[in-house]
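A closer look at the structure
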Amino acid sequence: MADNKKQEKDFTTEVDSLLPEVEKIAKAGQLQSALDKLFVLEKQTRNAADLSSTTRLVKAVTEHCYQAKDFTQLNASVLLLSKKHGQLKGAVQSMVELVMSYLEDVNKKHGVEKWLELVETLRVVTEGKIFLETPRARVTLLLAHYHEKLSTSSKTPEESKKSLETASELLSDLQVETYSSMERREKTEFILEQMRLLIAVARQKDEEVTKSGKEAMAGGEAEWVKVRVGGRKVNEAFLKEKDNEDLKLKFYDLMIQHALHQTAYLDVANYYYKVWETPSIKEDVNGKGKTTLEHIVYYVVLAPHNNEQSDMMHRLFIDPALVKLELHYNLVKCFTTRELMRWPGIQQIYGEFLKKTPVFSSEKRWEDLHMRVIEHNIRVVSEYYTRITITRLTSLLDLTPKQTEETLARLVVSGSIWARVDRPAGIINFKKQKNPEDVMNDWSSDMQKLLGLVEKAWMGMNAAQAAQSRVVKS
């Protein structure tokens, strides 16, 4: 195919005279005779590189086949015209766009089978052609939605699973981020659809693993990885534009689902925070804005302690919007204040309310909150105590000695605190012993400070003696 060839002749006059004649023949029921006449002139216009005339002729062929409801001939003609030697790209592009405009009408009036045949024809014609990559992507999206719909109406789980996987595979094969002819917004919509279908397939596989008790690797882990890769293809700066607010909310909803699967609570909190920064969400103080802010609090509290989590929690604590949510404000205050939190007290104050929320309806997340409270208490104890008995620490944490040691060991390994346990003596030491080099550095620093003070005192004494001698002389 080529459009670079210079036009040798203009067939506009011939085409103008042929089209009315062909139309009469087609209406008389002689479709094949009409098509033969069009094909003869189409060959001449194609060889002469007359793009305008060739486009009119191929569209005429398509229109007559469609009007005659001869879908077998329509599919054959589209395939034939697209494979003609030296066919002009512009003509094929116009023909494909025209056929795509028929799809909705075909599906409604002539059934799914005819629609599928036409879709398959378009996918064959567009395969491997860069100038038709956008039409191919759009047709593939329609086919993927068809298979997804088929999965919901399937009679058996196997058929449902197969249809959903087919839909996901069809879209995943499209590398729309490399398409130069597709607009940015449409690219983003395609990527989000890819991610949505991958999540649906992953959840389906995970459910199968849960029911069968197989290894975790047999589940939808591969799909979850692809979701993360798809998320990196989306330009978050583009989503901040006002016109793309709907895409932004959809994107972060998908990323929240991915982060929850990975139990990455801090990522979930960050995604909710970006949703909350959306003007339409933030302005809805009593609706979505309030719900989103509550979820930020829940997940930032559930996230394991590190510098990023601590920074986000303190920024959230001083945000004026949080003050309006008294219960949530007090919960964050408990974690930002260097004071012990007794778990029975937390359960009494917050338990009834939190367990009614979707976040803490899961027993695992309630246990995670308990663990965050324990870790907070151990950090507080390590700041106020240099040494403490295991018995005393156990009573402060409301845990058994074994649970206390396990939690303490995990915090030491993660680097949150420094501690050493003397089991025979039953003592925990939170003060890190200095090595000889550190001791010498501290001694050297202290000596420098001491000598500095001595020198300052000596200079003061000299100045005083000099002043006194001048007074005596006078």
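We now turn to the structure provided with this report. Just so you know, these numbers come straight off a predicted model, no measurement behind them.

Rules of the game
- Residues numbered from 1 in each chain as written.
- Predicted model: local features only at pLDDT ≥ 70, side-chain atom pairs only at ≥ 80, totals over all residues.
- Heavy atoms only, no water.
- Helix = DSSP H or I, 4+ residues; strand = E, 2+ residues; numbered from the N terminus.
- Rg over C-alpha atoms; globule rule 2.2 N^0.38 Å.
- Buried < 20%, exposed > 50% of the residue type's maximum accessible area, 1.4 Å probe, protein only.
- Contact = heavy atoms within 4.5 Å.
- Areas by Shrake-Rupley, 256 points an atom, 1.4 Å probe, with all protein chains shown as cover.
- Lys, Arg positive; Asp, Glu negative; His and termini not counted.
- Charge placed at Lys NZ, Arg CZ, Asp CG, Glu CD.
- 1 Å grid on protein atoms, 1.4 Å probe; cavity = no way out; pocket = protein on both sides within 12 Å on 5 of 7 lines; lining within 4 Å.
- Points joined across faces, edges and corners; volume = space filled by probe spheres on them.
- Nonpolar A, V, L, I, M, F, W, Y, C, P; charged D, E, K, R; others polar.
- Pairing = 2+ DSSP bridges.
- Axes fitted to C-alpha atoms, helices over the stretch in contact; angles between N-to-C directions.
- Core = buried A, V, L, I, M, F, W, Y, C linked by side-chain atoms within 4.5 Å.
- Expected span 1.5 Å × (residues − 1).

1. Examining the overall build of the protein
When helices and strands are counted, the protein shows 23 helices and three strands. Computed over C-alpha atoms, the radius of gyration of the protein comes to 37 Å, more than 25% over the 23 Å expected from 2.2 N^0.38 for 474 residues, which places it beyond the range of a compact globule. Considering only C-alpha atoms, the protein reaches an extent of 130 × 75 × 45 Å along its principal axes. Counting across all 474 residues of the protein, residues that qualify as buried make up 42%. The long-range share in the protein, meaning contacts at least 24 apart out of those at least 6 apart in sequence, stands at 62%. Accessible surface computed for the protein: about 27000 Å², of which carbon and sulfur atoms make up 52%. Within the protein, the 68 negative side-chain charges are centred at a point lying 3 Å from the centre of the 69 positive side-chain charges.

2. A few points about the layout of surface pockets
Computed from the structure, the largest pocket encloses a volume of approximately 340 Å³. Every residue lining the largest pocket is counted, 21 residues in all, and those nearest its centre are His-305, Ser-310, Phe-335, His-376 and Arg-379. Counting residues per element, the ones that place at least two in the lining of the largest pocket are helix 16 (307-317), helix 18 (326-336) and helix 20 (363-384). Tallied by class, residues from the lining of the largest pocket come to seven nonpolar, nine polar and five charged. Roughly 280 Å³ of volume is contained in the second largest pocket. Among the secondary structure elements, those contributing two or more residues to the lining of the second largest pocket are helix 8 (157-172), helix 9 (184-212) and helix 10 (221-233).

3. Some remarks on the sheet that holds strand 1 (residues 387-389)
The strand order 1-3-2 describes an open sheet built from three strands, whose pairing is antiparallel. The open sheet has two edge strands, strand 1 and strand 2 (420-422), and neither has a second partner. On average, adjacent strands in this sheet sit at an angle of 25 degrees to one another, irrespective of strand direction. As judged from the three bridges shared by strand 2 and strand 3 (residues 427-429), these two strands associate in the antiparallel manner. From the neighbouring strand, Asp-422 faces strand 3, where its bridge partner is Ile-427.

4. A short note on unusual backbone geometry
A negative phi angle characterises most non-glycine residues, just as the trans form characterises most peptide bonds. We note that Lys-69 has phi near 60 degrees; this positive angle belongs to a residue other than glycine. When you line up the elements, Lys-69 lands in the loop between helix 3 (51-67) and helix 4 (71-82). We classify Lys-69 as partly exposed; its relative accessible area is 42%. Of note, the phi angle at Thr-263 is positive, near 55 degrees, even though the residue is not glycine. With respect to the helices, strands and loops of the structure, Thr-263 is situated in the loop between helix 12 (245-261) and helix 13 (265-276).

5. Quick notes on the nonpolar core
Of all hydrophobic cores here, the largest spans 112 residues; its most connected members are Leu-38 and Leu-369. Of all the elements, helix 5 (residues 89-110) adds the most residues to this core, at ten residues. Those residues in contact with Leu-369 that lie beyond four places of it in its chain are Val-301, Leu-302, Phe-335, Trp-343, Leu-354 and Phe-360. Ile-390, Leu-396, Ala-419 and Ile-428 belong to the second largest nonpolar core, which has 15 residues in total.

6. Some points on helix 1 (residues 12-27)
The end-to-end C-alpha distance of helix 1, which contains 16 residues, comes to 23 Å, matching closely the 22 Å that a straight helix rising 1.5 Å per residue would cover. Where helix 1 is concerned, the buried positions are Val-15, Leu-18, Leu-19, Val-22, Ile-25 and Ala-26. Considering only its buried residues, helix 1 is in contact with helix 2 (31-47) and helix 3. One or two residues past the end of helix 1 sits Gly-29, with phi positive at roughly 95 degrees.

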